[in-house]
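Each chain, letter by letter, is given below.
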Amino acid sequence: MPANNRVFSGIQPSGDLHLGNYLGAIRRFVPLQQTHECLYCVVDMHAITVWQEPNELRRATREVAAAFIAAGIDPKTSIVFNQSQVVQHAELAWIFNCVARIGWMNRMTQFKDKAGKNSENVSLGLLAYPSLMAADILLYKAGSVPVGDDQKQHLELTRDIAQKFNNDYAASIAENGFDPEFFPITEPLIAGPATRIMSLRDGTKKMSKSDPSDASRISLLDDADAIAKKIRRATTDPEPLPSDVEGLKGRAEADNLVGIYAALSDKTKSEVLTEFAGAGWGTFKPALADLAVTVLEPISTEMRRLLADPQTIDGYLRDGAERAGVLAEKTMKQVRAIVGFI
């Protein structure tokens, strides 16, 4: 397949994957397998930009891999691997550290958000990790990357690094007989409207594993009873559902639950409201609970089965890393020649 048909995406193994991770990313990855050559990576090297307990990192890495596979990503058709097994990610990231400018890194809003007022004491990796993200993508010369709103700035940086490398090394690229656009200017892959899932306890806050209340999120490892119970107890308002999307304005919790129903059923919010216009929560919540259990329970069951057999998961990751490594080494041989390494 041509390089521009290749898709790369990664998820950090931060532990406790939830509904937001599934609807915002993993569910969107599955259909791309029909149209693209896909690499799906557990980005464990990104994870250690903040301290990780080693045994917990191993567990969380396997959990993301299990979620990929349980959700329908075929590890034989697609390449599923963890980043640290393909050493060329780190090698290319160092070269990109020498191409990128410190000013570019300082402008990253996610770094500012994560570092807060403590920016002098965070790891150098947290500042430089957009270079590693660029290496993740460009190592495979991926033409497309599925991105959410919070990653658009990083993709712009990836494009800037690719362009600067192509310009800085234009003469060497030509001498070695490579295409002048050695690294592609990767495009964002927008797969319909982004699904932003909010807390079940507070519709103004994003669903997050860091929320102290377990009832605020649906974990991908929750069983059917837990899924149904959390939806039945989700915060709502006293008003019935409106007949159109305009009627959801100012009703954060209602908007969130309608959005979850829409995403799980592959419908628009408008279509859901046409179906449930005027209905009370006593009607809508049980319908949403049934739908969520139907979609999510088979995934959680398969994830638990896979996690009970870590050797099988490790085998999938090892096989994926070997296949990714072949592609990665092909790029790095060319990059070493371009840069002037003997």
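Everything in this summary refers to the structure shown in the same document. Just so it is clear, the model here is predicted, and its values are computed rather than measured. (Residues numbered from 1 in each chain as written. Predicted model: local features only at pLDDT ≥ 70, side-chain atom pairs only at ≥ 80, totals over all residues. Heavy atoms only, no water.)

1. Here's the deal with helix H8 (residues 152-168)
With 17 residues, H8 should reach 24 Å at 1.5 Å per residue; the first-to-last C-alpha distance of 24 Å fits that figure. Within H8, the full set of buried residues consists of His154, Leu155, Leu157, Thr158, Arg159, Ile161, Ala162, Phe165 and Asn166. (Helix = DSSP H or I, 4+ residues; strand = E, 2+ residues; numbered from the N terminus. Expected span 1.5 Å × (residues − 1). Buried < 20%, exposed > 50% of the residue type's maximum accessible area, 1.4 Å probe, protein only.)

2. Overview of the packing of helix H4 (residues 88-99) against helix H7 (residues 124-138)
How two helices pack is summed up by the angle between their axes together with the distance between the axes. Interaxial distance between H4 and H7 falls to 8 Å at its minimum, and their mutual angle equals 125°. Here H4 lies oblique to H7, going by the angle between them. Where H4 crosses over H7, the two elements pack in a sense that is right-handed. Contacts from His89, Leu92, Ala93, Phe96 and Asn97 of H4 reach H7 at Ala128, Ser131, Leu132, Ala134, Ala135, Asp136 and Leu138. Of the residues that constitute the contact of H4 with H7, the class distribution is 8 nonpolar, 3 polar and 1 charged. (Axes fitted to C-alpha atoms, helices over the stretch in contact; angles between N-to-C directions. Parallel < 35°, antiparallel > 145°, perpendicular 65-115°, else oblique. Left-handed = near helix turned anticlockwise from the far one by under 90°. Contact = heavy atoms within 4.5 Å. Nonpolar A, V, L, I, M, F, W, Y, C, P; charged D, E, K, R; others polar.)

3. Let's talk about unusual backbone geometry
Its identity is not glycine, yet Lys141 carries a phi of approximately 50°, on the positive side. As for its placement among the helices and strands, Lys141 is situated in the loop between H7 and strand E4 (144-146).

4. Describing the packing of aromatic side chains
By the definition in use, this model includes 16 aromatic pairs. Measuring from ring centre to ring centre gives 4.9 Å for Phe165 and Tyr169, while their planes differ by 40°; the resulting arrangement is tilted. Using a relative accessible area of 0% as the deciding quantity, one classes Phe165 as buried. Judged by relative accessible area, which is 24%, Tyr169 ranks as partly exposed. Here the aromatic rings of Phe165 and Phe183 are separated by 5.0 Å at their centres, their planes lie at 65°, and the arrangement is edge-to-face. Of this pair, Phe165 sits in helix H8 while Phe183 sits in the loop between helix H9 (170-175) and strand E5 (187-189), placing them 18 residues apart in sequence. (Phe/Tyr/Trp six-rings, centres within 6.5 Å; stacked < 30°, edge-to-face > 60°.)

5. Topic: the pairing of strand E1 (residues 6-11)
Counting buried positions along E1 gives 5 out of 6 residues, so the element sits mostly inside the fold. In the sheet, E1 pairs with strand E2 (residues 37-42) via 6 bridges, with the strands oriented parallel. From the neighbouring strand, Phe8 faces E2, where its bridge partner is Leu39. Note that the unit made of E1, helix H1 (residues 19-29) and E2 has a crossover that is right-handed. (Pairing = 2+ DSSP bridges. Right-handed = clockwise from strand over helix to strand, strands pointing away.)

6. Let's talk about the packing of H1 against helix H11 (residues 252-265)
In the contact formed by H1 and H11, the axes pass within 11 Å of each other and the chain directions differ by 40°. Accordingly, the angle class assigned to the pair H1 and H11 is oblique. Remark: the crossing between H1 and H11 carries left-handed chirality. Here Leu19, Tyr22, Leu23 and Arg27 of H1 lie close against H11, whose contacting residues are Ile260, Ala263 and Leu264.

7. Some details on the environment of Thr312
Along the chain, Thr312 turns up in helix H14 (residues 310-339). Here Thr312 falls in the partly exposed class, since its relative accessible area comes to 30%. The spatial distance from the C-alpha of Thr312 to the C-alpha of Arg62 is 10.0 Å, given a sequence separation of 250 residues. For Thr312, the side chain forms a polar contact with the side chain of Asp309, separated by 2.3 Å. (Polar contact = N/O pair within 3.5 Å; in protein donor to acceptor, adjacent residues only side chain to side chain.)

8. Some thoughts on the nonpolar core
Ranked by size, the top nonpolar core spans 61 residues in total, and within it Leu19, Tyr22, Phe68, Leu264, Phe284 and Leu296 carry the most contacts. In terms of residue count, helix H13 (residues 281-307) provides more of this core than any other element does, 11 residues in total. Apart from residues no more than four positions distant in its own chain, Leu19 is found in contact with Ile197, Met207, Ile218, Leu220, Ile260, Leu264 and Leu296. Core analysis: the second largest hydrophobic core is formed by 42 residues, Cys41, Phe81, Val147 and Leu155 among them. (Core = buried A, V, L, I, M, F, W, Y, C linked by side-chain atoms within 4.5 Å.)

9. Here we look at a positive patch on the surface
A cluster of like positive charges, contributed by Arg201, Lys229, Arg232 and Arg233, occupies part of the molecular surface. If you trace the backbone, Arg232 turns up in helix H10 (residues 224-232). (Patch = residues over 30% accessible without salt bridge, like charges linked within 9 Å, V, L, I, M, F, W, Y side chains within 5 Å. Areas by Shrake-Rupley, 256 points an atom, 1.4 Å probe, with all protein chains shown as cover. Salt bridge = Lys/Arg side-chain N within 4 Å of Asp/Glu carboxyl O. Lys, Arg positive; Asp, Glu negative; His and termini not counted. Charge placed at Lys NZ, Arg CZ, Asp CG, Glu CD.)

10. Re the pattern of salt bridges
Taken as a whole, this structure holds 19 salt bridges when the rule is applied. In this structure, Lys267 and Glu275 form a salt bridge, with 3.1 Å as the shortest nitrogen-oxygen distance. Judged by relative accessible area, Lys267 falls into the partly exposed class, the value being 34%. Put simply, Glu329 and Arg336 hold a salt bridge, and the shortest N to O gap is 2.8 Å.

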